[in-house]
Structure formats: C-alpha cells, structure tokens
Amino acid sequence: MGDIVTRMNTWYPPERAEAWDRVGLILGDPRRRAGKVLLALDPVADTVEEALDEKADMMLVHHPLYLRGTSFLPESDPKGRLVAKLIRSGIALFAAHTNADCSHEGTGDALAALVGIRDAVPLVESGRDEEGRPYGHGRIGAITPARLGDFADLVASRLPAGPTGLFSSGDEDALIARVAVCPGAGDSFLEAARASGADAVLTADLRHHPASEHREGGAPALLCASHWATESVWLPRLAERLRAGAQGADVDLDVKVSTIATEPWTSHRPTLGGLL
C-alpha cells in the first residue's frame with residue numbers, strides 16, 4: 001500500500017492541493033499490502049459497499065471524506081458508519097482531489113482528451129514541475145473546428161451517462177475551434193476562459209447568476225455537465241497508470257473502476273407548465 005501512496009503523491013503532489021482541501025491517506029496502514037484497489041469518485045455508502053463486495057484492500061477516491069474537521073464519528077452518522085465499515089474490513093482510503101485536478105495526467109487532461117482537445121495546457125497555470133511542464137487548473141487547446149451544436153452533441157455522446165445530461169448556452173451555429181475545460185464546479189474559471197480566447201468552455205455546477213452574467217458579456221459559449229460526469233472520466237486513465245506502475249515494479253495489482261454514478265440526482269423530468 002505504501003508503494004501506491006508514494007506513487008500517487010509523486011504523480012499528484014499533495015502540496016499542490018488548495019489550502020482548504022484534505023488529500024492523502026485518510027484511513028489505513030501504509031505498511032499493509034494492497035492487492036486490490038477500487039477507484040471511485042466519491043467515498044459514499046454505495047461505493048464503500050462495492051469495495052466490500054469486491055474484497056478490496058484500498059479505495060482510491062477523488063473527493064475527500066471530510067473537508068472540515070470533526071470531533072465525533074458515531075455510527076448513527078452516515079460518514080461515521082463508512083469509517084467504521086472501512087476500518088472493520090481493513091480497507092484503506094486515499095483521496096487525491098485538487099492536487100489531481102491541476103497535475104499532469106489528472107482530471108483536466110482526462111476531460112480535455114475525451115472531447116478532442118489537442119496540445120492542452122493549463123487554463124490557469126500554478127507552476128512548473130521538475131520536467132518544466134506547466135501545471136494548474138483547467139485545460140485549454142484546439143479542437144477540429146465544429147458548430148457549437150455539433151460539439152455539444154459530441155460532448156454529450158462521450159460523457160458518462162447520468163440523469164442530468166448536458167446544458168449548453170450560445171449560438172448553436174457558431175464555429176468552435178478553441179475550447180476550455182474545467183472538471184467539476186467551474187464558476188470561478190469563467191473569466192479565465194474568456195481571457196484565454198476560448199470559443200466554448202465545458203464545466204459543471206454552473207449557478208444561475210454567474211452563468212447569466214457571463215452570457216450577457218458574450219463568449220465563450222457555455223456547456224454545463226454534471227460534477228460526477230466531468231471528473232469520473234479520469235478514473236479509467238488513473239487505473240491504467242496504476243496498472244502500468246505495478247507491472248513496472250513486478251507487483252500484482254488488481255485495479256477496478258467503479259461504474260456507480262454517485263450523482264446526488266437520480267432522475268430528470270422536463271418541466272412543462274406555463275407561467276403562473
């Protein structure tokens with residue numbers, strides 16, 4: 001397990017995480033061997049049960065279990081129950097969150113690759129790694145030029161299926177050639193996307209007022225998917241990276257990617273009523 005922790009901290013250095021974030025080994029003994037790892041976006045009841053069913057030794061997740069301190073872990077509390085189940089079952093829990101968002105081969109690169117962005121670079125550069133490569137939040141680059149409507153169709157066809165789908169805002173016939181992506185909640189990156197000269201920005205969790213004010217100001221067009229869909233595309237790429245690392249070290253490691261959609265929403269219905 002210590003090798004996995006070391007590898008994750010090398011690929012996604014914890015010092016790159018935002019100050020409010022909580023990343024790293026949450027539960028577990030790094031000295032124990034981990035022969036089976038489950039990757040999931042969220043440490044929630046369904047994915048913990050999946051880890052138990054799979055007899056995993058470790059859960060590697062994107063979102064931390066706690067972002068704020070806690071003084072009590074009773075099993076009457078949902079998160080307290082998860083902690084108890086994981087500890088009793090000997091399953092370690094590790095989170096790589098905003099450090100994985102901004103690092104090379106993290107969530108930004110995964111989403112950029114999914115929608116066909118070429119030569120992607122950080123939208124907001126935070127620094128440079130030992131090889132001189134820039135890292136930071138979001139990605140931006142060129143795509144094969146397409147109508148906004150056609151590009152939105154492409155994005156919808158490639159993102160994981162979920163109940164909320166994809167919203168878009170802009171002229172469907174406008175030509176899109178330069179695209180920014182910001183996996184997860186992206187309100188705070190809209191100005192950066194505009195300053196970068198992007199024709200469109202794909203993100204999630206856009207609130208009414210920031211999105212409305214942005215559209216009043218013009219380009220880029222907005223594509224808003226779900227938080228889970230835009231970030232979970234990283235997990236299969238991380239699985240391949242972990243398998244390759246284990247193979248290179250001549251270590252047997254079984255890596256499974258959870259397919260459970262940990263959206264907070266479970267269904268979608270169009271609203272059809274008129275104005276009151």
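See above for the structure.
Residues numbered from 1 in each chain as written. Predicted model: local features only at pLDDT ≥ 70, side-chain atom pairs only at ≥ 80, totals over all residues. Heavy atoms only, no water.

Participant: Any chance you could break down the sheet that holds strand β1 (residues 24-27) for me, citing the residues and the numbers?
Facilitator: Pairing within the open sheet is mixed, and its 5 strands lie in the order β1-β4-β3-β2-β11. Strands with a single pairing partner mark the edges of an open sheet, and in this sheet they are β1 and β11 (254-257). Strand-to-strand twist across the sheet, computed as the mean angle between neighbouring axes with direction ignored, equals 25 degrees. Pairing of strand β2 (residues 36-40) with β11, which is carried by 4 bridges, proceeds in the parallel orientation. In the strand pairing of β11, Lys36 is matched with Asp254. Strand contacts of helix α10 (residues 234-248): β2, β3 (58-61) and β11, with the helix running at about 175 degrees to β11, the strand carrying the most contacts. (Pairing = 2+ DSSP bridges. Helix = DSSP H or I, 4+ residues; strand = E, 2+ residues; numbered from the N terminus. Axes fitted to C-alpha atoms, helices over the stretch in contact; angles between N-to-C directions. Contact = heavy atoms within 4.5 Å.)

Participant: Residues and numbers for the nonpolar core, please.
Facilitator: Counting residues in each nonpolar core, the largest one holds 43 residues, and the members touching the most others are Ile4, Met8, Leu39, Met58, Leu60, Leu238 and Leu242. Here this core gets 6 residues from one element, more than from any other, and that element is α10. Counting residues in hydrophobic clusters, the runner-up holds 15 residues, among them Ala40, Ala51, Leu65 and Leu93. (Core = buried A, V, L, I, M, F, W, Y, C linked by side-chain atoms within 4.5 Å. Buried < 20%, exposed > 50% of the residue type's maximum accessible area, 1.4 Å probe, protein only.)

Participant: Could you give me a rundown of empty space enclosed by the protein, with the residues and numbers involved?
Facilitator: Space left empty within the atom packing is revealed by a probe, the size of a water molecule, rolled over the atoms. Inspection of every chain in the model, using the stated rule, returns 1 cavity of 30 Å³ or more. Roughly 40 Å³ of internal volume is contained in the largest cavity. Forming the boundary of the largest cavity are Ala40, Leu41, Asp42, Thr47, Trp228, Ser232, Leu235, Ser258, Ile260 and Thr262. Partitioned by chemical class, the residues of the lining of the largest cavity number 5 nonpolar, 4 polar and 1 charged. (1 Å grid on protein atoms, 1.4 Å probe; cavity = no way out; pocket = protein on both sides within 12 Å on 5 of 7 lines; lining within 4 Å. Points joined across faces, edges and corners; volume = space filled by probe spheres on them. Nonpolar A, V, L, I, M, F, W, Y, C, P; charged D, E, K, R; others polar.)

Participant: Quick one: what's the story with the side chain of Asp187, residue by residue and with numbers?
Facilitator: Among the structural elements, Asp187 can be located in the loop between β8 (175-185) and α7 (190-195). In this structure the side chain of Asp187 is engaged in a polar contact, spanning 2.3 Å, whose partner is the side chain of Arg207. Beyond its immediate stretch of four places on either side in the chain, Asp187 contacts Asp205, Leu206, Arg207 and Pro210. (Polar contact = N/O pair within 3.5 Å; in protein donor to acceptor, adjacent residues only side chain to side chain.)

Participant: Tell me what's going on with the pattern of salt bridges, and back it up with residues and numbers.
Facilitator: Scanning all chains against the criterion turns up 16 salt bridges. The partner of Arg128 in a salt bridge is Glu125, and the shortest N-O contact between them spans 3.4 Å. For Glu125, a relative accessible area of 44% puts it in the partly exposed group. (Salt bridge = Lys/Arg side-chain N within 4 Å of Asp/Glu carboxyl O.)

Participant: For the environment of Ala193, give the residues involved together with the corresponding values.
Facilitator: If you trace the backbone, Ala193 turns up in helix α7. Residues Ala193 and Arg118 lie 75 residues apart in sequence; the distance between their C-alpha atoms is 16 Å. For Ala193, the residues in contact, after removing those within four places along its chain, are Leu123, Ala180, Ala198, Val201 and Pro220.

Participant: Help me get a handle on the sheet that holds β8, residues and values and all.
Facilitator: Spatial strand order, β5-β6-β8-β9-β10-β7: 6 strands in an open sheet with mixed pairing. Edge strands, defined here as strands with exactly one partner in the open sheet, are β5 (118-128) and β7 (167-169). Going from strand to strand, the sheet's axes swing by 20 degrees on average, the running direction of each strand aside. Alignment of strand β9 (residues 200-204) against strand β10 (residues 221-225), held across 5 bridges, turns out to be parallel. Across the sheet, the residue bridging to Ala200 is Ala221, located in β10. Against the sheet, helix α5 (residues 107-114) makes contact with β5, β6 (134-147), β8 and β9, and its axis sits at roughly 145 degrees relative to β8, the strand it touches most.

Participant: Lay out the packing of helix α2 (residues 45-53) against helix α3 (residues 78-89) with the relevant residues and their values.
Facilitator: Interhelical geometry of α2 versus α3 gives an angle of 10 degrees and a closest axis separation of 11 Å. When the axes of α2 and α3 are compared, the pair comes out roughly parallel. Here Ala45, Val48, Glu49 and Leu52 of α2 lie close against α3, whose contacting residues are Leu82, Lys85, Leu86 and Ser89. Grouping the constituent residues of the contact of α2 with α3 by class yields 5 nonpolar, 1 polar and 2 charged. (Parallel < 35°, antiparallel > 145°, perpendicular 65-115°, else oblique.)

Participant: Please set out the packing of aromatic side chains residue by residue, giving values where relevant.
Facilitator: In the structure shown here, the tally under the stated rule is 2 aromatic pairs. When the ring of Trp11 is compared with that of Tyr12, the centres are 6.3 Å apart and the planes differ by 80 degrees; the resulting orientation is edge-to-face. Neither Trp11 nor Tyr12 differs from the other in exposure class; each is buried. Measuring from ring centre to ring centre gives 5.6 Å for Tyr12 and Trp234, while their planes differ by 85 degrees; the resulting arrangement is edge-to-face. With Tyr12 in the loop between α1 (2-11) and β1 and Trp234 in helix α10, this residue pair connects regions lying 222 residues apart in the sequence. Pair check on accessibility: Tyr12 and Trp234 agree, each one buried. Connected via pairs of aromatic rings, a cluster forms that spans Trp11, Tyr12 and Trp234. Seen from the ring of Tyr135, Arg16 lies directly overhead, with NZ or CZ sitting 3.8 Å from the centre. The aromatic ring of Tyr66 is capped on one face by Lys79, whose charged end is 5.1 Å from the ring centroid. (Phe/Tyr/Trp six-rings, centres within 6.5 Å; stacked < 30°, edge-to-face > 60°. Lys NZ or Arg CZ within 6 Å of the ring centre and 35° of its normal.)

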